[in-house]
Amino acid sequence: MNFKGIIDSTLREGLQFSRASFNLQEHVEIFGYLTSIGVDYIEVSNPVKEEVAEMVRRLVSLKGKSRTKILSHIRNNRKDIEKSLECQVDGLNILCTADPERIAALNLTSQEYLKNLEDNILLAKKHKVETRVSAEDLFHQPFELILEIYELADSLNVERIGLPDTLGTALPWEVYEKISEIRSRFKTDLEVHFHNDLGHSISNAISALRAGANWVDTSLLGIGERTGITPLSSLLVNLYKINPALTSRYNLKVLTAAENYVARICQMEVPMNLMTNLDNGFAHKAGIHLDALINFGPQKYEPIPPAVIGARRNLIIKSLVSGKTTEEDVMTFMEKYGQD
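As the structure is a prediction and not an experimental result, all values here were calculated from the model.

**Student:** Before we go on, may I ask you to explain the pattern of salt bridges in this structure?
**Tutor:** If the charged atoms of two oppositely charged side chains come close together, the side chains can form a pair. Scanning all chains against the criterion turns up 23 salt bridges. The closest approach of N and O atoms between Glu 86 and Lys 83, which form a salt bridge, is 3.6 Å. One end of the pair, Glu 86, and the other, Lys 83, are both in helix 3 (residues 78-86), 3 residues apart, so they sit about a helical turn from each other. Residue classification places Glu 86 among the exposed residues on the basis of a relative accessible area of 54%. Classification of Lys 83 by relative accessible area gives buried; the value is 18%. Close ionic contact of Arg 313 with Glu 302 constitutes a salt bridge, the shortest N to O distance being 2.8 Å. Placement of Arg 313 in the loop between helix 11 (287-296) and strand 10 (314-315) and of Glu 302 in the loop between helix 11 and strand 10 is noted, with a sequence separation of 11 residues between them. For Arg 313, a relative accessible area of 7% translates into the label buried. Bridged by salt links that share partners, the residues Arg 12, Glu 13, Glu 43, Lys 69, Glu 130, Arg 132, Arg 160 and Glu 191 form one connected network.

Encoded structure:
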């Protein structure tokens with residue numbers, strides 16, 4: 001597995017979540033959490049709109065000596081590139097289409113569209129900013145044109161090629177096959193972006209990494225368009241379980257605070273299937289589970305210690321299913337283990 005890092009898109013994809021409407025201060029707070037975690041890149045929205053440009057300029061001014069870089073997500077459009085350069089971002093994430101209907105609606109042929117892409121990549125290179133080129137909807141649009149987009153990007157030495165499952169319908173074995181094929185064709189770094197419509201964004205990200213992808217797009221809580229994308233906390237926990245060395249440069253202890261903050265400003269609960277949910281992530285209620293934890297240790301029913309991601313245990317007693325566990329048992333357990 002040649003995992004190289006994370007492009008977090010809470011401040012771009014996350015803004016597309018139905019309940020998200022981050023103001024400038026909330027952008028700043030989320031940016032602070034993400035830089036504290038140490039994500040490699042933070043993707044922001046297209047600054048072609050002045051309100052967005054104001055936010056982007058503010059984040060750029062805060063970056064300081066942080067190793068985290070800021071990328072603007074833009075169209076295959078010269079105006080978008082020029083506006084991004086004015087904001088002094090570190091890189092451009094150029095989103096392309098291989099949809100014949102959309103290209104025709106732009107009054108362009110596919111070759112004219114590719115020529116525009118070539119000009120835009122060269123403009124980015126001239127200004128010495130990182131460039132990623134992706135082709136929307138990898139698993140459903142004409143693969144021949146998608147390959148032309150990737151081949152052009154690769155020939156112009158972009159930093160990354162983006163591979164998105166825009167509809168969120170790819171299955172893990174399909175992802176492995178497709179990413180393996182693309183990996184065999186290109187040496188350029190591969191960045192994957194998985195939507196979660198069928199619930200496979202985490203599995204697909206891991207399958208993609210096994211097949212040769214290098215970078216994964218995430219968001220806090222997994223928020224985004226429709227059902228969202230790969231949650232940052234879930235990806236990092238999976239990588240930690242595979243090999244802690246993969247996550248050694250990230251501060252996982254900030255994850256719970258970060259995701260609970262985003263949930264709060266979106267006026268929602270942290271999804272119960274995320275470990276960063278303070279009530280459910282490490283909740284133990286069944287008598288068999290409680291008895292095993294207390295007598296043999298938390299490793300019996302916890303995949304990782306809650307302290308790893310700044311979470312907490314919740315031992316629930318005096319319920320219909322909790323068995324004979326007492327308050328004294330819980331106190332003894334917590335004195336011995338705490339959240340470790």
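**Student:** I tried to follow the packing of helix 5 (residues 110-126) against helix 6 (residues 143-155) on my own but got confused; where do I start?
**Tutor:** Running from N to C, helix 5 and helix 6 cross one another at 25 degrees; their axes reach a closest spacing of 10 Å. With respect to helix 6, the element helix 5 is oriented roughly parallel. The handedness of the crossing between helix 5 and helix 6 comes out as right-handed. Here Ser 110, Gln 111, Leu 114, Leu 117, Glu 118 and Ile 121 of helix 5 come into contact with helix 6, specifically with Leu 145, Glu 148, Ile 149, Leu 152 and Ala 153.

Here is what the cut-offs are and how they apply
- Residues numbered from 1 in each chain as written.
- Predicted model: local features only at pLDDT ≥ 70, side-chain atom pairs only at ≥ 80, totals over all residues.
- Heavy atoms only, no water.
- Salt bridge = Lys/Arg side-chain N within 4 Å of Asp/Glu carboxyl O.
- Helix = DSSP H or I, 4+ residues; strand = E, 2+ residues; numbered from the N terminus.
- Buried < 20%, exposed > 50% of the residue type's maximum accessible area, 1.4 Å probe, protein only.
- Axes fitted to C-alpha atoms, helices over the stretch in contact; angles between N-to-C directions.
- Parallel < 35°, antiparallel > 145°, perpendicular 65-115°, else oblique.
- Left-handed = near helix turned anticlockwise from the far one by under 90°.
- Contact = heavy atoms within 4.5 Å.

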